[in-house]
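Fold and geometry: a report
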Amino acid sequence: MNGEMKSVVKTKRAPGAELCSLEIPHPGPNDVLVKVKAASICGTDVHIYTWDGWAQSRITSLPQTLGHEFAGEVAEVGSLVTRIKPGDMISAETHIPCGACLQCLTGQMHICNDVKILGVDINGCFAEYAVVPEVVCWKNDPSVPFEYATVQEPLGNAVYATLEGGGINGHSVAVFGEGPTGLFSTGVARVSGASEIFVVGRNRFRLDIAKKMGADHTIFISEIDPVEYILEKTHGLGVDVVLEMSGAPAAIANAFKVVRKGGRFSAFGIPPHDVSIDYANGIIFKGVHLNGINGRKMFQTWFEVRNFLSSKRLDISPVVTHILPLENYKDGFDILTSPEAKCGKIVLKN
């Protein structure tokens, strides 16, 4: 396919990005060209857009198209592609595995030792067309709207974090972090049978969304001590499952204080620097089961996500608060980076 397309491009090592006109890329033999219908903004995109310390150390090659969460229709496939065909509705796993390392060869592609990430290491999907390898393509249920299919990647984080290490039916859950993935986790916990759900955060707008997603208790940390509150409500025992989705050092410390002895702890949020935890009392003497959550299991988690969405058991509509044209990407980033951040997930549509 020939022609030009609109693309949101990081052109220089400074805050911001530009809407550029680029040639439509051509897929290699093992690649798929996708006409992007919807793409959603992630925290990683915000890091790159604002050009913070993480982005400055992580992004090595510019110019580069931003974005890694998308849904679209296959326009063209490479000569060696066999599983995907033009017309398929797809999204993509954003961790692109090498296929040759120990992890890939032992069923752990999601933590590939030589992983590349869409929109971070290669051109992304904030464009009218994007190229992705066939190995990461995921066929969508056509009944799922594009604006929901595009968030399967972060929803997969939430499903993995919430369900890893055992069932959640009848368990009490504390979610630290009210960002979109924490909100998705709240919904997953609710429809998976959690008995009581606490959501801890600092954004009132998003805590209100947490209530819509099934939270029994929302804890605004500027007014309520989350440790005291959760321990009081659980008769001093703590919760069965902690989902640490924020990465805030104070939240991590509090999360270890409220997980019960023998409980389960899913660590997903990325802290801005090394954190200090009470290793002996927080983990060892409590017998805590600690799970590091990196990406999504390929492709077990994707099947679980599809089942949640296709069955309509999980309603994620409260989390998707804004749908904007691709050309209005700056508005989306402005909303996300404003002090109030009155939004959940922001979707860009072509």
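Preceding this paragraph is the structure being described.
Keep in mind it's a predicted model, so treat the numbers as computed, not measured.

1. Section: the sheet that holds strand β11 (residues 172–176)
The pairing of strands in a sheet comes from backbone hydrogen bonds and takes either a parallel or an antiparallel form. A sheet is described by the order of its strands in space; here six strands give the open sequence β13-β12-β11-β14-β15-β16, paired in parallel fashion. A strand with exactly one partner marks an edge of an open sheet, and here the two such strands are β13 (217–220) and β16 (289–292). The average undirected angle you get between the axes of adjacent strands in this sheet is 15°. Of the pairings in the sheet, the one linking strand β14 (residues 239–244) to strand β15 (residues 259–267) comprises five bridges and is parallel in character. Considered in β15, the bridge of V239 is made with V259. In this fold helix α9 (residues 249–258) packs onto β11, β14, β15 and β16, with an angle of close to 145° to the strand it touches most, β15.

2. A word on the environment of M1
By secondary structure assignment, the location of M1 is in the segment before β1 (4–10). According to the relative accessible area criterion, M1 is partly exposed, its value standing at 37%. M1 sits 32 residues away from L33 along the chain, and the two C-alpha atoms are 9.1 Å apart. Not counting chain neighbours up to four residues away, the residues in contact with M1 comprise I24, H26, L33, A75, E76 and Y129.

3. Some points on the side chain of N291
Relative to the elements of secondary structure, N291 occurs in strand β16. In contact with N291, not counting residues within four places along its chain, are E164, G165, R264, F265, S266 and A267.

4. What to know about the nonpolar core
Side chains that are nonpolar tend, in soluble globular proteins, to be buried together. Counting residues in hydrophobic clusters, the biggest one holds 37 residues, and the most contacted among them are V32, I41, F70, F126 and V132. Contributing elements (two or more residues each) for this core: β3 (31–40), α1 (43–50), β5 (69–77), β6 (89–92), β9 (129–133), α12 (329–337) and β18 (345–349). Of the residues forming this core, the biggest block, four residues, is contributed by β3. Excluding residues within four positions of it along the chain, V132 makes contact with D31, V32, V34, F70, A92, L118 and C137. One finds A71, A158, Y160 and L243 within the second-largest nonpolar core, a separate group that totals 36 residues.

5. Observations concerning the pattern of salt bridges
Per the stated rule, a full pass over the model turns up 13 salt bridges. Between E93 and R296 there is a salt bridge whose closest N-O contact spans 2.7 Å. With E93 in the loop between β6 and β7 (95–96) and R296 in the loop between β16 and α11 (300–310), this residue pair connects regions lying 203 residues apart in the sequence. For E93, a relative accessible area of 1% puts it in the buried group.

6. Overview of the sheet that holds strand β2 (residues 18–23)
The sheet built from three strands is open, its strands ordered β2-β1-β4 with antiparallel pairing. Taken across any chain shown, the strands that pair with only one partner, and hence form the sheet edges, are β2 and β4 (64–65). Judged from the two bridges that link them, β1 and β4 form a sheet pairing that is antiparallel. When the bridges of β4 are listed, V9 appears paired with T65.

7. Here we look at unusual backbone geometry
Negative phi is the rule for most residues except glycine; trans is the rule for most peptide bonds. Going from L62 to P63, the amide bond is cis rather than trans, its omega being 0°. Position of P63 relative to the elements: it lies in the loop between α2 (53–58) and β4. Residues M298 and F299 are joined by a peptide bond in cis, for which omega reads 5°. Take F299: it is sitting in the loop between β16 and α11. Positive phi outside glycine occurs at H235, with the angle close to 55°. Of note in the backbone geometry, K312 takes a positive phi value of approximately 65° without being a glycine.

Conventions we followed
- Residues numbered from 1 in each chain as written.
- Predicted model: local features only at pLDDT ≥ 70, side-chain atom pairs only at ≥ 80, totals over all residues.
- Heavy atoms only, no water.
- Pairing = 2+ DSSP bridges.
- Helix = DSSP H or I, 4+ residues; strand = E, 2+ residues; numbered from the N terminus.
- Axes fitted to C-alpha atoms, helices over the stretch in contact; angles between N-to-C directions.
- Contact = heavy atoms within 4.5 Å.
- Buried < 20%, exposed > 50% of the residue type's maximum accessible area, 1.4 Å probe, protein only.
- Core = buried A, V, L, I, M, F, W, Y, C linked by side-chain atoms within 4.5 Å.
- Salt bridge = Lys/Arg side-chain N within 4 Å of Asp/Glu carboxyl O.

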